[in-house]
Amino acid sequence: MPQQLTWTTAEAKLVLQAIKNVGTAGGVLKLQPIILEMMHAIQMHVLHSDIDLDNLAIIPPIQYPDLIVDPAQREQLIQMLVLIPYVDMTVDARMVGVVDDFAECLEVTPQTLQDLHQVRDNHLRRLLLDYGRRSMSEFLRLDSPSKFVRGIISAIHQAVGDPILASRYQALQEFPEGSLGHSFFHWYRDRNWALPGEHKSTSELLVNHDCCHILGGFNTDTQGEMNVAAFQAGLFTDGFGFESLLEVMLDFHLGKSFSTTNSLIPPETGQFIPDDAMAGYEKGLACNVNLIQDFDFWRHAEQQVTQLREQFHIPQTPGPVLLKP
């Protein structure tokens, strides 16, 4: 599992200087308020520092290899920098160029950087195909041709209707109040969603994602989807979680209609709130299990949500366990 890295004050300053460098395209552009919000959020939830941001000078990427040597720190820095052109909502080629300079100097080239190039060049259809293929493996665990075929057949079968499977999920209504199973049942019913196995359901493929919502305390509005995606970014060791976050940002912050359709879930703009998203990312880093890949819903369905949060080291969330839509 990923873990929250420890940054010294000097290292934290370097991260913030790098973000400012990208946000101003090397000092060419005026720093936008939302980028400054992002710097504050990263400082609070990722760096855990208290550095004055008002007169922060930028230094060239070429100086960074001697100043940040830890591979995990380099990886996290580049992932943070890749976010910045999206946060700005412009995906300005000059900003992307600065991100490239940092990536080259630090010798870190995550998949998200390649995705950023696709967005910059407006190759969204190609990106969607590539992302869809990777998500089948990383997110849905359909990581071989045979698993993919079986998974699709099972999803279609459940969407048509599987009474035996549906009855198992319907029985969750009788689980103890406050348990994960009871909360899961009412999470679906409150939103008028079909449970797995019921006609027109989304099958069991999204069960673990919905558990991230419940255990992390994230609702199902657009900001909730943004923040749970940031939470998931903290769960993955290979950077795929950041891809998931950027996909949601394309839909609900840049309004690109990347994986949404106007007839189902219309895209929106400006739904990325830096402090909320980075708080979600911090929760994901604290979690000691990848709830997408390694979580067994039925093993934990009878346990209380509050107990599971403690067991998995998820920081406690104010408010009711069961969030209403």
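In what follows, the accompanying structure is described. (Residues numbered from 1 in each chain as written. Predicted model: local features only at pLDDT ≥ 70, side-chain atom pairs only at ≥ 80, totals over all residues. Heavy atoms only, no water.)

### Quick notes on helix α10 (residues 207-216)
For the record, the criterion: In this scheme, a residue with accessible area under 20% of its type's maximum is buried, one over 50% is exposed, and one in between is partly exposed, where area comes from a 1.4 Å probe on protein chains only. Put simply, DSSP marks the helices as runs of H or I at least four residues long and the strands as runs of E at least two long, and each gets a number from the N terminus on. Should any heavy atoms of two residues lie within 4.5 Å, those residues are counted as being in contact.
Within α10, ten of the ten residues are buried, which leaves it mostly tucked inside the rest of the structure. Residues V207, N208, H209, D210, C211, C212, H213, I214, L215 and G216 constitute the buried set of α10. The secondary structure elements touched by the buried residues of α10 are α8 (163-170), α9 (180-190), α11 (222-233), α13 (274-286), α14 (297-300) and α15 (305-311). Downstream of α10 by one or two residues, G217 has phi in the positive range, about 80 degrees.

### Quick word on the packing of helix α3 (residues 71-87) against helix α4 (residues 93-106)
Two measures define how a pair of helices packs: the angle their axes make with one another and the distance between the axes. The cut-off we apply is this: Angles here are taken between N-to-C directions and fall from 0 to 180 degrees, while the axes themselves are lines fitted to C-alpha atoms, restricted in helices to the stretch in contact. Oblique is the label for any angle not under 35 degrees, not over 145, and not in the 65 to 115 range, which are roughly parallel, roughly antiparallel and roughly perpendicular in turn. Throughout this entry, Asp, Glu, Lys and Arg are counted as charged residues, while Ala, Val, Leu, Ile, Met, Phe, Trp, Tyr, Cys and Pro are counted as nonpolar. The remaining residues, Gly among them, count as polar.
Interaxial distance between α3 and α4 falls to 9 Å at its minimum, and their mutual angle equals 170 degrees. Viewed along their axes, α3 and α4 adopt a mutual orientation that is roughly antiparallel. Note on element contacts: α4 touches α3 through M95, V96, V99, F102, A103 and L106, opposite R74, L77, I78, L81, V82 and P85. Its residues placed into classes, the contact of α3 with α4 shows eleven nonpolar, no polar and one charged.

### Remarks on the packing of aromatic side chains
Test applied: The rule is short: rings of Phe, Tyr and Trp, with Trp giving its six-membered ring, pair when the centres are within 6.5 Å, and they are stacked under 30 degrees, edge-to-face over 60, tilted in between. Put simply, a charge is over a ring when the Lys NZ or the Arg CZ is close to the ring centre, within 6 Å, and near the line of the ring normal, within 35 degrees.
The tally for this structure, following the rule as stated, stands at twelve aromatic pairs. With 5.4 Å between their ring centres and 90 degrees between their planes, Y188 and W193 make a pair best called edge-to-face. Exposure remark for Y188: the relative accessible area of 2% places this residue in the buried category. Ring geometry for F295 versus F312: centroids 5.9 Å apart, planes at 85 degrees, classification edge-to-face. Of this pair, F295 sits in the loop between α13 and α14 while F312 sits in the segment after α15, and the two are 17 residues apart along the sequence. Given the relative accessible area of 8%, F295 is considered buried. By relative accessible area, F312 is classed as buried at 6%. Taken together, the ring pairs in this structure connect Y169, F184, Y188, W193, F297 and W298 into an aromatic cluster. In this structure, R191 is placed above the aromatic ring of W187, and the distance from its NZ or CZ to the ring centre is 3.8 Å.

### Examining the packing of helix α1 (residues 9-23) against α4
The geometry of α1 relative to α4 is characterised by a closest axis approach of 8 Å and an angle of 145 degrees between their N-to-C directions. Here A18, N21, V22 and G23 of α1 lie close against α4, whose contacting residues are M95, V98, V99 and F102. A breakdown of the residues in the contact of α1 with α4 according to their chemical character gives six nonpolar, two polar and no charged.

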